[in-house]
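# Structure assessment
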Amino acid sequence: MSSFLGMGLKTYAQVTITEADLSNICVGGGYYVLGDIIIEELNTDDFRISAGTEFLTLELPPNFEFKTTAGDLFYTDPGSDFNAAPTYQIFTTTIEIAYNINNTAVINRFRLSNLQIRAVTAANPGGNITRISSSTPNATIFDAPLGTVFGTLSSVESPSISVQPQPQTECEGDIANFSVSATGGGLSYQWQRSTDGFATSTNIDNNTDGGIYSNFNSSVLQINDVPNSINNYQYRVEISGICLPIITSDPAQLTVEALPSAPSITNQNQEVCLNEAVASPTASGSGGTITWYSDAALTTVLTTGSAPSLAQIGFDNSVAETTTVYITETSTSLNACEGPAATASLIVNPLPLDNLVVNPNNTEVCDGESINFTINGTQSGVNYQLFDETNTVISAI
């Protein structure tokens, strides 16, 4: 894990400032070396002549500290513009340069090197090293007034888990989710699963356990169409960030509740004629709740219970039609898992019409001669037979 060091060059009207930028410093991770901060005249009088000692003070943004024993000040004074050698002091959050200019003969320059800083307390997404007013009088530097930026810093925290994954109980075939809440900079996630209490573990990917997992590199692991085969598997997540350490969550167990079987149905499939007696279907299961639906999608409930009335399930022998109902069992557990559906059906056939016309209805033929009869007004699903005067079947039509 590393921070990023950069140096930016900015030219103001009369001075050139080389900024020291340092990003993604780890909070609590020790001191980092800051790049050089350089302030150089463009014209010989940019550092104005002072009446005495003047001060240039730079301040760190919030949540950063200097190492007060580390850092050097270098200055260029080829023409002895300085009345005496500049001095400096490093405090916890500021650095102060004291100097006295008595001439403007040459170009002068300050260079702050080997400064060390660290990030403390909360992360700072970005703040500036700026010139502030401190000891007086403040040095006069042309176009580098109070508030001038001398660098930018940012810090991030190490990974930390605020909410651990929790055990989950799901019905077979449902979706299960394990989640974690974490803070830190640049977090990445890798979910793992185990069957032996994490004596051994497997990093989850697209192929693990037949490809039932998704979002295994995010804060929420999703398990799709949960099979009973992964009952009692354990899950945890490994979290890494810009800063060390890599951390691992507590494990959480998945309990998969098997679905009840489809109920057993008596009087399951009946076919009767119009107004013929119909028996009521009954259902039996393993002690759960029996539910009767009118549709295969199991969205419209007709009734519950093992022995409904014909009216409750819509079985009507007075109407020629086919009616099918769908019956499930739901477990009495907290998750109320509903199993697959059985079916029961009633087919009510219409009665034949009594005004049939047979052609020919009166004819003579010779012995051994064939004759064709035609019936007008026939019904779909009805079979017809011809009888002679002795009620003997002649043929089916």
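That block above? That's the structure.
Report follows, based on the coordinates. (Residues numbered from 1 in each chain as written. Predicted model: local features only at pLDDT ≥ 70, side-chain atom pairs only at ≥ 80, totals over all residues. Heavy atoms only, no water.)

## Digging into the overall build of the protein
Which entries qualify depends on this criterion: Secondary structure elements follow DSSP: runs of H or I of four or more residues count as helices, runs of E of two or more count as strands, with numbering from the N terminus. Based on C-alpha atoms, the radius of gyration is set beside the globule rule, defined as 2.2 Å times the residue count to the power 0.38. The buried label goes to any residue with under 20% of its type's maximum accessible area, the exposed label to any with over 50%, and the partly exposed label to all in between, with areas taken from a 1.4 Å probe on protein chains only. Asp and Glu are treated as the negative residues and Lys and Arg as the positive ones, with His and the ends of the chain left uncounted. In plain terms, the charge of a residue is placed at NZ if it is Lys, CZ if Arg, CG if Asp and CD if Glu.
Each helix and strand counted, the protein has 0 helices and 35 strands in total. The C-alpha radius of gyration of the protein comes to 45 Å, more than 25% above the 21 Å expected for a compact globule of 397 residues. Over its C-alpha atoms, taken along the principal directions, the protein stretches across nearly 150 × 50 × 35 Å. In the protein, which comprises 397 residues, the proportion classed as buried is 38%. Of the side-chain charges in the protein, 9 are positive and 39 negative, and the distance between the mean point of each set is 38 Å.

## Some details on the state of the cysteines
Any covalent bond linking the sulfur atoms of two cysteines counts as a disulfide. Heads up, the rule is: Cysteine sulfur atoms are paired as a disulfide whenever they come within 2.5 Å of each other.
Under the criterion given, the structure shown has 2 disulfides. Shown here is the disulfide that connects C26 with C243, its sulfur atoms set 2.0 Å apart. The sign of the -100° torsion about the S-S bond sets the C26-C243 disulfide as left-handed. Of the two residues, C26 is situated in strand 2 (residues 15–26) and C243 in the loop between strand 22 (234–240) and strand 23 (247–248); the sequence distance between them amounts to 217 residues. One disulfide bridge connects C171 with C337, the sulfur atoms lying 2.0 Å from each other. Around the S-S axis, the bridge from C171 to C337 shows a dihedral of about -90° and counts as left-handed. Taken together, the residues span a long stretch of sequence, with C171 in strand 15 (residues 168–171) and C337 in the loop between strand 30 (322–330) and strand 31 (342–349) at a distance of 166 residues. C337 carries the same exposure label as C171, and that label is buried.

## Observations concerning the pairing of strand 22
Stated formally: Whether two strands pair depends on DSSP finding at least two bridges between them.
For strand 22, the tally of buried residues reaches 5 of 7 residues, placing the bulk of the element in the interior. As paired strands, strand 18 (residues 188–194) and strand 22 are joined by 7 bridges and run antiparallel to one another. Bridging from a neighbouring strand, S194 pairs with Q234 of strand 22. The pairing of strand 22 with strand 24 (residues 252–257) spans 2 bridges and is classified as antiparallel. Across the sheet, the residue bridging to Y235 is A252, located in strand 24. Of the pairings in the sheet, the one linking strand 22 to strand 23 comprises 2 bridges and is antiparallel in character. The residue bridging E238 from the neighbouring strand is T248, located in strand 23.

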